[in-house]
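A structural walkthrough
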Amino acid sequence: MKTKTLAISGIIGALYVAVMIVLAPFGFTNIQFRLAEIFNHLVVFNKKYFAGIVIGVFVSNLLLSEVGPIDLLFGVGHTIISLSITIFLVKRISSPVKRMLVNTAVFTTTMCIISWQLHLVLGFPFWLTWCYLAISEFIVMAIGIPLMHTLNKRLPLSKLI
């Protein structure tokens, strides 16, 4: 990994953690408004952002999760799986907005992984929890589309890393 890529990955991870610390009360349990999830959209601009996002999720879950170490397995696993699916699905889509729409759909759908975790650990009802998580994830990711689109116009995100 190049030094520039490593440095930017560290910055992305740190930004993810910083946003999570500020909004920690809204980032865990069965309704999660993790504003830091907007960083997931970076992967549609360049797959090299993958590492920084995963680092951010890992450190956030390590420091802030009330569920414990199992959140490292499920939370980080969910992110790795979702980002990987997105990278695979958007290969032939040229529009960044359409790519972010696909990414939003992927992350919304795969919240079943987090629902399963909360069902196993806290006994939350799987289907209802998945509904809550999917809705909250969709809202955050949808809010992120115009934000990232505007940011990409100012900073070419595909070329920064």
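The following paragraphs examine the structure supplied in this document. Position numbers for residues start from 1 in each chain and track the written sequence from start to end. In view of the model being predicted, local features appear only for residues whose pLDDT reaches at least 70, and side-chain atom pairs are presented and counted only at 80 or more, with totals across whole chains, interfaces and linings using the full set of residues. Each side-chain value is derived from all of the structure's non-hydrogen atoms; neither hydrogens nor water enter the calculation.

On to the side chain of N46, then. Secondary structure elements are taken from DSSP: a helix is a run of H or I of four residues or more, a strand is a run of E of two residues or more, and numbering for both begins at the N terminus. Mapping N46 onto the fold places it in the loop between α1 (3-22) and α2 (50-64). Whenever two N or O atoms come within 3.5 Å, that pair is a polar contact, provided that in protein one can donate a hydrogen and the other can accept it, and provided that, for residues adjacent in sequence, both atoms are side-chain atoms. From its side chain, N46 meets the backbone nitrogen of K48 in a polar contact 2.9 Å long. The residues touching N46, leaving out its near neighbours within four places in the chain, are L157, S158 and I161. Contacts were defined at the residue level, with two residues in contact if any of their heavy atoms lie within 4.5 Å.

We describe a pair of aromatic rings using the distance from one ring centre to the other and the angle between the two ring planes. Stacked, tilted and edge-to-face are the three classes applied to pairs of Phe, Tyr and Trp rings, where Trp contributes its six-membered ring and a pair requires centres within 6.5 Å; stacked means planes under 30 degrees apart, edge-to-face means over 60, and tilted covers the rest. On inspection of all chains with the given rule, the structure shows five aromatic pairs. Ring centres 5.4 Å apart and planes at 75 degrees place the aromatic pair F74 and W116 in the edge-to-face group. Of this pair, F74 sits in helix α3 (residues 70-89) while W116 sits in helix α5 (residues 112-122); the two residues are 42 residues apart in sequence, bridging distant segments of the chain. To sort residues, take the accessible area from a 1.4 Å probe on protein chains only and compare it with the maximum for the residue type: under 20% means buried, over 50% means exposed, and anything in between is partly exposed. For F74, a relative accessible area of 10% gives the class buried. Here F126 and W130 contribute two aromatic rings whose centre-to-centre distance is 5.7 Å and whose plane-to-plane angle is 55 degrees, an arrangement assigned as tilted. Of this pair, F126 and W130 both sit in helix α6 (residues 126-154), four residues apart, roughly one helical turn. An aromatic cluster of at least three residues, connected via ring pairs, comprises F126, W127 and W130.

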